[in-house]
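Examining the three-dimensional arrangement
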Number of protein chains: 2
Amino acid sequence: MSEEIKAIQSRMERRDAAENRQRILVAAHKLFEQHGVDQVSMNQIAAEAQIGPGTLYRRYANKGELCLDLIKDSVVRFFEDIEQYLLQNQQEPPDHRLKGILKIYMPFIEKKAQLLTGGKGSASAQRLPYQSQNPLYNKMHQIAVELFDEMAAADHPSPNSIFKADMLLIAISIDSYFYQRDVRGYSPDEILEHLCSTFIKGV
Amino acid sequence: MSEEIKAIQSRMERRDAAENRQRILVAAHKLFEQHGVDQVSMNQIAAEAQIGPGTLYRRYANKGELCLDLIKDSVVRFFEDIEQYLLQNQQEPPDHRLKGILKIYMPFIEKKAQLLTGGKGSASAQRLPYQSQNPLYNKMHQIAVELFDEMAAADHPSPNSIFKADMLLIAISIDSYFYQRDVRGYSPDEILEHLCSTFIKGV
DNA sequence: ATATTAAGCGGAGAGCTCTCCGGATGTCAA
DNA sequence: TTGACATCCGGAGAGCTCTCCGCTTAATAT
């Protein structure tokens, strides 16, 4: 009876484990809203969820992973929005479509910035090569690469769409975005325009 | 007699303090070389220098600051190289000069990466807006802005040289650079070419 | 030489991240 | 139902960052 399920995920999650996961999520959500993500420690979350620290760390190696789980649904919805947008604007030129994607992206990170930044100061998060832990990155990169390729298709098949996409993505990473907004003082619209004139020539 | 000195820096550094600073620098240098920057804790440095943790933190709020002090001279020398290069190539077009600067920059961060990255996982370092704590940033930015301005001078006085310079600088930040090198697998030369074709059009 | 005082020292300790492992407990097969 | 066992729990504890504060000491004024 459980053969098929076991095939899908090698072992069922135990009931107590599932319950604890829920408690963690609820506790974290509550504390994050109350005090802000940065101000809440894994210890506090464990205490609020009434579990031991070991139990918490078993599931989430650091605060970042926990945050990611907390916004998983939002991320899925975000990519659904992107997909729908791309579908409805197939006939538009690729540069226009890329700009449209940025227009969807920016409000999203404005809203989810805290959770996306997550636990930046975590020791184990340091090891990861870059920001690839961010689930947005790979998917967004893929989309951007395709659009850059399409933009360059007519001319030369410039092999650096991958590079360009990386550059665009770090340009709109949380840190960079808020640096432009808060330190340089640009409005989101100005940032968008600057992005386009820097990375997408004729828009 | 000490009036003039006091005028320069409001109070002389006490002799014991100066000695401790030296001990710290020596201890840190030794440990960093022995085990790598990441693997060495502030505690260890204090112990090796035979001072209390409080004494260490009085001078360096985190490992990053200590690292910065350790490469201060290298940074000065780096900018002297830049200045000299710019002087010797005044007649070259600005895009060529910018590429030349990148050629000087890249080996520098290859050599000093560990110390430049410093104590990334430090709590107080998190607060800082971005990577402005990096002493390279502001000066490099200023230089890049001037060159971008010069590049755009003939055409329109495009007001986004500041933005472009920011984008170029995060593109060559330690994290981004090593991501391209280690994950994407580009050689330094390839990175340089991609950078030019992305940020400096006709080079 | 001595007193004054700002600067510096150092260690105790709070609170954190993360690990480890003995014991408990759900799950599945028989 | 029961036994076996993989999974999970929880908390002790190592080691870290960083602060606080009473004490010490170097520099200066007298």
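Every value quoted in this text rests on a predicted model; they were computed, and no experiment measured them.

For the rest of this paragraph, the subject is the packing of helix α7 (residues 94–117) of chain A against helix α12 (residues 188–199) of chain A. When two helices pack together, their arrangement is captured by the angle between the axes and the distance separating the axes. Residue and element names in this part refer to chain A. One way to put it is that α7 packs onto α12 with a least axis distance of 11 Å and a crossing angle of 140 degrees. Classified by the angle their axes make, α7 and α12 are oblique. Judged by the sense of rotation from one axis to the other, the crossing of α7 with α12 is right-handed. For the pair α7 and α12, the contacting residues are Lys 99, Leu 102, Lys 103, Met 106 and Glu 110 in the first and Pro 188, Leu 192, Glu 193, Leu 195 and Cys 196 in the second. A per-class count over the contact of α7 with α12 returns 6 nonpolar, no polar and 4 charged.

Close contacts around DNA strand C come from 27 residues, with A:Asn43, A:Tyr57, B:Arg14, B:Asn20 and B:Arg59 the closest. Here the atoms of DNA strand C within 4 Å of the protein split so that 69% fall in sugar or phosphate, with bases taking the remainder. For the surface near DNA strand C, the secondary-structure elements that each account for two or more residues are α3 (42–49), α4 (53–59) and α8 (123–127) of chain A together with α2 (15–35) and α4 (53–59) of chain B. Top contributing element to the surface near DNA strand C by residue count: α4(B), with 5 residues. Within the surface near DNA strand C, the residues separate by chemical class into 8 nonpolar, 11 polar and 8 charged.

All right, on to the protein's contact with DNA strand D then. If you check the shell around DNA strand D, you find 28 residues, and the closest are A:Arg14, A:Asn20, B:Arg15, B:Asn43 and B:Tyr57. Counting only atoms of DNA strand D within 4 Å of the protein, the sugar-phosphate share comes to 72%. Measuring from a base oxygen of DNA strand D, one finds a backbone N or O atom of A:Gly54 at 3.4 Å. Sorting the residues of the surface near DNA strand D by element identifies α2 (15–35) and α4 of chain A together with α2, α3 (42–49), α4 and α8 (123–127) of chain B as the ones contributing at least two each. At 5 residues, α4(A) tops the list of elements feeding residues into the surface near DNA strand D.

Calculation notes
- Residues numbered from 1 in each chain as written.
- Chains lettered and ligands numbered in written order.
- Predicted model: local features only at pLDDT ≥ 70, side-chain atom pairs only at ≥ 80, totals over all residues.
- Heavy atoms only, no water.
- Axes fitted to C-alpha atoms, helices over the stretch in contact; angles between N-to-C directions.
- Helix = DSSP H or I, 4+ residues; strand = E, 2+ residues; numbered from the N terminus.
- Parallel < 35°, antiparallel > 145°, perpendicular 65-115°, else oblique.
- Left-handed = near helix turned anticlockwise from the far one by under 90°.
- Contact = heavy atoms within 4.5 Å.
- Nonpolar A, V, L, I, M, F, W, Y, C, P; charged D, E, K, R; others polar.
- Near = heavy atom within 4 Å.
- Polar contact = N/O pair within 3.5 Å; in protein donor to acceptor, adjacent residues only side chain to side chain.

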